[in-house]
Amino acid sequence: MLDDRGEKDLLRLITCGSVDDGKSTLIGRLLYDTQLVYSDTLEQLEQDSKRHGTRGGDVDFALLVDGLAAEREQGITIDVAYRFFATKRREFIVADTPGHEQYTRNMATGASTADLALILVDATKGVLTQTKRHSFIVKLLGIKRVVLVINKLDLVGYSQEVFEAIRQAYDTFSTELSLKNVNYIPISALLGDNLTLRSENLSWYKGPTLLEYLETVLVGDDNDELPFRMPIQNVFRPNSNFRGFAGAIFQGKIKPKDSLLILPSMQRATVKEIVTADGNLSEASSGQSVVLTLEEERDISRGDLLVATDNPPQIADRFRATLVWMSDQEMLPGRPYLLKIGTRVVPVSFESPRYEVNINTLEHLAARTLGLNSIGVCHGALGSAVALEPYTKSRELGGFIVIDRVTLETLAAGMIDFGLRRSDNIHHQDFEVTRDARARLFRHKSAVVWFTGLSGAGKSTIANLLERKLYLHGIHTYVLDGDNVRSGLNKDLGFTDADRVENIRRVAEVSKLMVDAGLLVLVSFISPFRAERELARGMLAEGDFIEVFVDLALNVAEARDPKGLYKKARAGQLPHFTGIDSPYETPESPDIHINSESLAPETAAEQIFQVLLDKGIIT
Amino acid sequence: MPRLSNLDRLESESIYILREAVASAERPVMFYSIGKDSSALLHLAKKAFYPGKPPFPLLHIDTMWEFREMYQFRDTIASESGLELIVHLNPYCVENDINPFDYGSAVHTDLWKTEGLKQALDAGRFDVALAGARRDEERSRAKERVFSVRSATHQWDPKAQRPELWSNYNTMLASGQSLRVFPLSNWTELDVWQYIKREGIEIVPLYYAKPRPIVNRDGTLIMVDDDRFRLEPGEIPEMVSVRFRTLGCYPLTGAVRSFASTLAEIIEELSYASTSEREGRVIDRDTPGSMERKRQNGYF
């Protein structure tokens with residue numbers, strides 16, 4: 001059953017189905033029938049079948065593939081598992097993903113690397129909501145080939161009519177979804193009909209067995225014919241004479257003397273050598289890991305992309321994408337995250353979703369955020385322009401992951417619909433009277449002094465004292481105060497996490513305009529989240545953002561309670577109150593740290609005034 | 001250009017993973033167990049960083065009970081590779097003479113290997129540890145990520161692993177976390193053997209069959225490698241032609257009867273093998289789910 005040359009090719013597939021469609025049985029059976037189950041494993045399987053099996057003592061093939069002890073106990077699969085089997089012609093990697101609805105994330109993960117999807121349907125139940133959901137994810141993740149495996153034919157008397165009815169129902173649905181290359185194969189995984197061997201019971205079926213199909217299906221690997229793309233992983237400088245750029249060729253081919261474009265810098269370069277440990281190559285193509293040297297000296301680092309000069313990908317700092325949210329922590333519009341595309345990591349933030357997709361009905365729903373396992377379409381803005389491509393053109397340069405800035409967990413996967421260059425649609429107007437000119441007129445520089453701290457810590461008191469001092473000093477100032485802004489500009493916003501993020505984003509944008517107008521802006525907002533304070537800092541030039549942490553212990557603030565708010569919050573009349581049932585994230589390295597318990601507000605204002613003098617913002 | 005073969009693809013993917021792992025690591029290290037998978041991984045690492053050397057040391061978690069031929073092989077390979085070799089011995093085990101005969105396979109392995117590994121990773125402040133584990137080895141490994149996040153105490157939480165899509169790996173670490181990286185995740189046992197043959201990679205001679213002094217303990221063929229082995233009264237080692245499919249502590253590693261003395265014969269034999277390679281490992285069979293538990297506690 002196996003040969004020793006290792007020159008077979010590889011097919012990666014995903015199996016999807018609902019809980020009782022017999023998916024694990026199917027895979028277990030494929031492993032068993034291709035004789036990849038060893039006798040010691042089989043012995044354990046027989047033991048396990050007696051302990052946990054659902055087949056009354058008979059061998060339960062599903063137990064072969066249910067990996068973790070926790071799932072063996074519960075009888076469900078809870079994560080993506082990868083299985084391996086081989087025939088004379090091919091090696092196979094199967095991504096086995098669970099079928100319950102809360103596990104969209106696992107299916108998307110398994111689908112991202114698959115060439116082909118097996119979607120299982122129980123012949124006694126037909127096309128179900130889950131079948132549609134799985135098909136939608138298969139389409140979304142760009143799998144090119146689908147087999148609808150109609151299982152449990154034994155339970156419907158191997159009826160051709162049942163098979164045909166399901167086939168027709170799915171055909172209508174898959175056409176709606178514009179899913180192409182769908183095949184239909186009837187089987188009984190439990191009894192082994194039409195899996196690896198033809199079955200008398202299905203004599204009306206003239207097509208290939210499931211295994212025959214998997215062994216012979218052409219997996220269109222035409223990546224070599226596409227324009228060259230290689231993200232840079234590392235720059236190798238083992239000695240002063242050698243400077244090579246390491247990466248895997250995602251698509252296309254390359255030869256010495258070929259011209260390349262380096263993105264996003266748009267420099268041109270010429271390939272000198274294709275270096276590998278097995279000697280220099282005269283040509284390399286998609287799928288190969290190589291090191292390139294260039295004729296010219298070029299400034300290239302990890303995250304850059306080398307591409308063919310014709311047909312380069314778009315460079316964009318805004319895009320529209322479909323996001324599959326994979327974390328308990330919901331997506332907050334405006335919150336800064338990190339995005340990894342190719343080998344580049346850049347800051348990103350998303351707008352409110354244009355819509356969320358109900359994956360059961362495929363309807364578009366209005367949404368303000370995205371929660372675990374939801375799929376939505378959003379516009380995103382990047383911290384700097386990167387090279388990207390629509391996902392339908394390139395899985396590797398159109399697929400990205402979203403990473404939390406603090407925990408560094410992977411929060412979501414995204415598929416680029418299209419890139420937008422900000423300058424393509426909004427033209428920044430340059431005016432002759434600049435910020436510098438205004439600074440000369442006002443005789444001081446502009447900046448933002450950002451007060452953060454719990455309610456009642458003394459932010460507004462100190463801001464007020466500071467502004468009075470600055471006014472007497474002839475400085476043009478303005479205070480943006482939480483309560484005041486919330487009664488006007490932000491009166492449409494509440495106190496959920498999403499609204500708090502938007503609240504701060506707007507205030508940061510307004511401060512930025514005011515700084516441009518030449519004002520010294522004092523912002524007095526609780527601003528509880530580190531990420532949004534960093535967002536505000538990031539929107540302003542280096543040195544324009546001065547973070548003042550007005551630090552007062554919660555119990556002291558609560559005891560002071562100047563506005564009586566803590567009392568109300570404790571009584572449950574003010575939900576989402578910072579410090580009570582909504583978190584306050586302490587600044588890690590504020591520019592100025594005010595201990596509000598021991599320091600009088602006048603002294604605090606004096607201290608900040610001094611810092612502004614020291615920084616040369618005022619003189 | 002013909003389509004890449006399966007081995008070409010696997011090789012290229014492993015090189016990609018090795019380069020990603022190193023790009024983000026501050027102090028990477030490669031776990032070197034002297035076995036065939038480690039040999040293949042070291043070969044891949046040399047290719048990945050050519051024309052330079054792999055930018056990490058090799059770490060061997062020693063138990064003092066491995067086959068003598070393994071130690072010889074390790075020292076030769078380490079000096080040939082030009083890489084630093086760190087050998088760690090759990091001082092507690094040395095002091096208390098922990099051995100498989102008095103303490104049993106589970107305690108012996110846990111203290112020497114699992115605890116020893118954690119000590120060595122902490123001592124070296126390694127943030128990224130590369131290892132040659134494969135997903136086809138054992139059921140609980142089938143769900144392991146290529147880049148697997150461990151907590152500050154080296155715990156593996158199967159429910160808190162990052163989703164991995166495409167070849168877009170999240171290699172970022174919060175403070176205290178570390179990564180275990182498995183570049184051979186998608187290889188099968190047979191792939192490794194075929195690759196060793198194709199590339200002419202050196203392996204410990206114990207993998208080739210030859211007559212060796214063997215005792216039969218409940219059906220497991222154990223090689224008597226030195227005079228620390230405790231023979232039962234009247235037990236006399238017999239010369240049997242055997243080879244090993246996996247290597248480890250010699251009193252805990254079962255041999256298989258075999259005459260396969262070349263790579264071609266090994267591959268031929270494997271193609272018709274009816275037992276898995278872990279059959280010979282005494283530790284895996286102690287209790288059901290023992291591999292999964294070991295991993296949660298910090299083993300590879």
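Caption draft 1: Local environment of the confidence of the model for chain A. Taken as a whole, chain A shows an average pLDDT of 87; of its residues, 89% reach a score of 70 or greater. Confidence over residues 1–6 of chain A falls short of pLDDT 50; this stretch has 21 contacts with residues more than four positions distant or in other chains.

Caption draft 2: A look at the packing of helix 12 (residues 459–472) of chain A against helix 18 (residues 601–614) of chain A. Residues and elements named next belong to chain A. Put simply, helix 12 and helix 18 touch, their axes get as near as 9 Å, and they point 55° apart. Put simply, helix 12 runs oblique to helix 18. In this structure, helix 12 meets helix 18 at a crossing whose hand is right-handed. Counting all contacts with helix 12, which are made through Thr461, Ile462, Leu465, Leu466, Lys469 and Leu470, the residues of helix 18 involved are Pro601, Glu602, Ala604, Ala605, Glu606, Ile608, Phe609 and Leu612. Partitioned by chemical class, the residues of the contact of helix 12 with helix 18 number ten nonpolar, one polar and three charged.

Caption draft 3: Structural view of the pairing of strand 9 (residues 244–248) of chain A. Residue and element names in this part refer to chain A. For strand 9, a buried count of five out of five residues is recorded, marking the element as mostly surrounded by other parts of the structure. What you see with strand 9 is no split at all: Gly244, Ala246 and Ala248 on one side and Phe245 and Gly247 on the other are buried throughout. Where strand 9 and strand 14 (residues 289–294) come together, four bridges link them in antiparallel fashion. For Phe245, the partnering residue across the bridge sits in strand 14 and is Leu292.

Caption draft 4: Fine view of the sheet that holds strand 3 (residues 85–88) of chain B. Residues and elements named next belong to chain B. As summarised here, the arrangement of the six strands in space is 3-2-1-4-6-5, forming an open sheet in which the pairing is mixed. The open sheet has two edge strands, strand 3 and strand 5 (147–150), and neither has a second partner. The mean inter-strand angle of the sheet, taken between neighbouring strand axes irrespective of direction, is 30°. The pairing of strand 4 (residues 128–130) with strand 6 (residues 178–181) spans three bridges and is parallel. Residue Val128 lies in a different strand from strand 6, and its bridge partner there is Leu179. Running at roughly 145° to strand 1 (residues 28–31), helix 2 (residues 36–48) makes contact with strand 1, strand 2 (58–61) and strand 4 of the sheet. Running over the sheet, helix 3 (residues 68–81) touches strand 2 and strand 3 and is turned about 150° from strand 3.

Caption draft 5: The pattern of salt bridges, seen in detail. Per the stated rule, a full pass over the model turns up 53 salt bridges over all chains. Put simply, Arg344(A) and Asp304(A) hold a salt bridge, and the shortest N to O gap is 2.6 Å. Placement of the pair is Arg344(A) in strand 18 (residues 344–350) and Asp304(A) in the loop between strand 14 and strand 15 (305–308), with a sequence separation of 40 residues. Residues Arg344(A) and Asp304(A) agree in their burial class; the two are buried. Notably, a salt bridge pairs Glu351(A) with Arg318(A), separated by 3.5 Å at the nearest N-O pair. Linking Glu351(A) in the loop between strand 18 and strand 19 (355–357) with Arg318(A) in strand 16 (residues 314–325), this pair joins segments that are 33 residues apart in sequence. Classification of Arg318(A) as buried rests on a relative accessible area of 15%. When salt bridges with common partners are traced through the structure, they connect Asp278(A), Asp8(B), Glu11(B), Lys47(B), Arg198(B) and Glu199(B) into a single cluster.

Caption draft 6: Representation of empty space enclosed by the protein. Residue and element names in this part refer to chain A. What the rule picks out here adds up to nine cavities of 30 Å³ or more. As a volume, the second largest cavity reaches approximately 90 Å³. Lining the second largest cavity are 13 residues, with Gly303, Leu305, Ile341, Arg344 and Ala387 sitting closest to its centre. Classifying every residue of the lining of the second largest cavity gives eight nonpolar, three polar and two charged. Inspection of the lining of the second largest cavity shows a minimum of three residues originating in each of domain 2 (225–308) and domain 3 (314–424).

Caption draft 7: Representation of the pairing of strand 17 (residues 337–341) of chain A. Residues and elements named next belong to chain A. Most of strand 17 is tucked away, with five of its five residues classed as buried. Here strand 17 shows two buried faces, one formed by Tyr337, Leu339 and Ile341 and the other by Leu338 and Lys340. Where strand 17 and strand 18 come together, five bridges link them in antiparallel fashion. Across the sheet, Leu338 pairs through a bridge with Pro347, a residue of strand 18. In terms of strand pairing, strand 17 meets strand 22 (residues 399–403) through four bridges, oriented antiparallel. Each bridged residue has a counterpart across the sheet, and for Lys340 the counterpart in strand 22 is Ile401.

Caption draft 8: Quick peek at unusual backbone geometry. The omega torsion of the bond from Leu263(A) to Pro264(A) falls at 5°, within 30 degrees of zero and hence cis. Positionally, Pro264(A) belongs in the loop between strand 11 (259–263) and strand 12 (267–275). Cis geometry is found at the peptide bond from Tyr50(B) to Pro51(B), where omega equals 5°. Structurally, Pro51(B) is set in the loop between helix 2 and strand 2.

Caption draft 9: Representation of the packing of aromatic side chains in the model. Residues and elements named next belong to chain A. One pass over the structure, following the stated rule, counts 25 aromatic pairs over all chains. Taken together, a centroid distance of 6.1 Å and an interplanar angle of 20° make the contact between Phe549 and Tyr584 stacked. Of this pair, Phe549 sits in strand 27 (residues 545–551) while Tyr584 is found in the loop between helix 17 (565–570) and strand 28 (592–595), placing the two residues 35 residues apart along the sequence. You can call Phe549 buried: its relative accessible area is 4%. On the basis of relative accessibility, which here comes to 17%, the residue Tyr584 falls in the buried class.

Calculation criteria
- Counting from 1, residues in each chain are numbered in the order their sequence is written.
- For this description, chains carry letters from A and ligands carry numbers from 1, given in the order in which they are written.
- Two thresholds apply to this predicted model, a pLDDT of at least 70 for residue-level local features and 80 or more for giving and counting side-chain atom pairs, whereas whole-chain, interface and lining totals are computed over all residues.
- Values shown for side chains rest on all heavy atoms present in the structure; no hydrogens or waters enter the calculation.
- As a per-residue measure, pLDDT tells how confident the predictor is, with possible values from 0 to 100.
- Contacts were defined at the residue level, with two residues in contact if any of their heavy atoms lie within 4.5 Å.
- Think of each axis as a best-fit line through the C-alpha atoms, taken over the contacting stretch in the case of a helix, with angles from 0 to 180 degrees between the N-to-C directions.
- Helical segments are the DSSP runs of H or I of at least four residues, strand segments are the runs of E of at least two, and each set is numbered from the N terminus.
- Here is the rule for angles: anything less than 35 degrees is roughly parallel, anything more than 145 is roughly antiparallel, 65 through 115 is roughly perpendicular, and the remaining ranges are oblique.
- Each crossing is labelled by how the near helix is turned from the far one, with a counterclockwise turn of less than a right angle marking it left-handed and a clockwise turn marking it right-handed.
- Side-chain classes are defined by residue name, with Ala, Val, Leu, Ile, Met, Phe, Trp, Tyr, Cys and Pro counting as nonpolar, Asp, Glu, Lys and Arg as charged, and the others, Gly among them, as polar.
- Here the term buried applies to any residue with accessible area under 20% of the maximum for its type, exposed to any over 50%, and partly exposed to those in between, with areas from a 1.4 Å probe on protein chains only.
- One requirement defines pairing of two strands: DSSP has to find at least two bridges between them.
- By salt bridge we mean one thing: a side-chain nitrogen of Lys or Arg within 4 Å of a carboxyl oxygen of Asp or Glu.
- Buriedness of a pocket was judged along seven lines, with at least five required to meet protein on both sides within 12 Å; pockets are open sets of points on a 1 Å grid over the protein atoms alone, cavities are sets where a 1.4 Å probe fits but cannot get out, and lining residues have an atom within 4 Å of a point.
- Grid points are joined across faces, edges and corners, and a volume is the space filled by probe spheres set on the points.
- The domain boundaries here were taken from an automatic or database domain assignment.
- Pairing of aromatic side chains here covers Phe, Tyr and the six-membered ring of Trp, requires ring centres within 6.5 Å, and sorts the geometry by plane angle: under 30 degrees stacked, over 60 edge-to-face, intermediate tilted.

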